[in-house]
Amino acid sequence: YLLPRSALAGAGLLINADLLARTLIQPRRTTHRFNYQRGGLSVLSLVDFSDAKTVTISAASVAVEIDGKCLLNDVSLCIEPGQIIAVVGPNGAGKSTLIAAIAGDITPTEGIIRYDGNDLQALSFLDRTAIRSVMAQSQSVVYDFSVLDIIAMGWVRGRAGESARQFGAAVSAIVEECAIAELLGRTFNSLSGGEQRRVHFARALMQLWRPQGSPNS
């Protein structure tokens, strides 16, 4: 999952649709699709929140080649504010590669990815953390961290004093939003698979949290 800024308010959301069957949302009739030479990869627009004020994400002619192998070729799409998008295709079609490129985890061989018109590659690490968060397909945790430890890993701020004052409010808001208060006293590795996904989702939202009334809330 790739979550742009203000995800709590219904922002754009890019989903790797291997888990689409378990996503309880109503599809829209409008469907956007693209294919490339390896075939089988589609983008579907599932939900549109017309009042959301969020980040527009675009990819133009993106190609990814690793070790001489073409993983993506000439892929273009635009994620408008308030949309939820699913990337659908068979195993190996390039879904995860596309999301990794859009998130900035890998650099495209060709093409450009923009957030609100800004070249993603020109944004610093801290700038990226302020506008998007990523929840990977699988995230194993070796050490016996608590649930609160995992949620706190999403707390990235450049102003240390402000972070200390607002951390408690952020945790309370995210825990309530994700309905995981009963999990806080447990270790992460003691949770079921579904509970672990909820905690990782809370961690992803934690990164995007802003106090109400702030410019980026």
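Everything that follows concerns the structure shown earlier in this document.
Glancing now at the sheet that holds strand 7 (residues 110-115). The 4 strands are arranged 5-4-7-8 in an open sheet whose pairing can be described as antiparallel. With partners counted over all chains shown, the strands left at the sheet margins are strand 5 (69-79) and strand 8 (118-119), one partner each. As paired elements, strand 4 (residues 57-66) and strand 7 share 5 bridges and run antiparallel to each other. Bridge pairing in strand 7 places Ala60 opposite Ile112. Relative to the sheet, helix 1 (residues 95-103) contacts strand 4, strand 5 and strand 7, its axis offset from that of strand 5 by approximately 60°.

As for its position among the elements, Ser133 is in strand 9 (residues 132-134). Within polar-contact distance, the side chain of Ser133 engages the backbone oxygen of Ala204 at 2.9 Å. Here the side chain of Ser133 touches Gln207 through a polar contact of 3.5 Å, side chain to side chain.

Our next topic: unusual backbone geometry. Even without glycine at this site, Asp67 takes up a positive phi of about 55°. When you line up the elements, Asp67 lands in the loop between strand 4 and strand 5. A relative accessible area of 83% places Asp67 in the exposed class. Not every positive phi belongs to a glycine, and Asp116 is a case in point at roughly 50°.

Inspection of the entire model under this criterion finds 2 salt bridges. Here Glu182 makes a salt bridge to Arg198, at a shortest N to O gap of 3.6 Å. Taken together, the residues span a long stretch of sequence, with Glu182 in the loop between helix 4 (160-178) and helix 5 (193-208) and Arg198 in helix 5 at a distance of 16 residues. Owing to a relative accessible area of 52%, Glu182 belongs among the exposed residues under this scheme.

Take the packing of aromatic side chains next. Enumeration over the complete set of coordinates arrives at 3 aromatic pairs. Ring geometry for Trp155 versus Phe167: centroids 5.6 Å apart, planes at 85°, classification edge-to-face. One end of the pair, Trp155, is in the loop between helix 3 (147-152) and helix 4; the other, Phe167, is in helix 4, and 12 residues separate them in sequence. Note on Trp155: relative accessible area 16%, which makes it buried. Taking 6.1 Å as the distance between ring centres and 40° as the angle between the ring planes, the aromatic pair formed by Trp155 and Trp209 counts as tilted. Remark: Trp209 occurs in the segment after helix 5 and Trp155 occurs in the loop between helix 3 and helix 4; sequence separation between them is 54 residues. Judged by its relative accessible area of 10%, Trp209 falls in the buried class.

Rules used in this analysis
Residues numbered from 1 in each chain as written. Predicted model: local features only at pLDDT ≥ 70, side-chain atom pairs only at ≥ 80, totals over all residues. Heavy atoms only, no water. Pairing = 2+ DSSP bridges. Helix = DSSP H or I, 4+ residues; strand = E, 2+ residues; numbered from the N terminus. Contact = heavy atoms within 4.5 Å. Axes fitted to C-alpha atoms, helices over the stretch in contact; angles between N-to-C directions. Polar contact = N/O pair within 3.5 Å; in protein donor to acceptor, adjacent residues only side chain to side chain. Buried < 20%, exposed > 50% of the residue type's maximum accessible area, 1.4 Å probe, protein only. Salt bridge = Lys/Arg side-chain N within 4 Å of Asp/Glu carboxyl O. Phe/Tyr/Trp six-rings, centres within 6.5 Å; stacked < 30°, edge-to-face > 60°.

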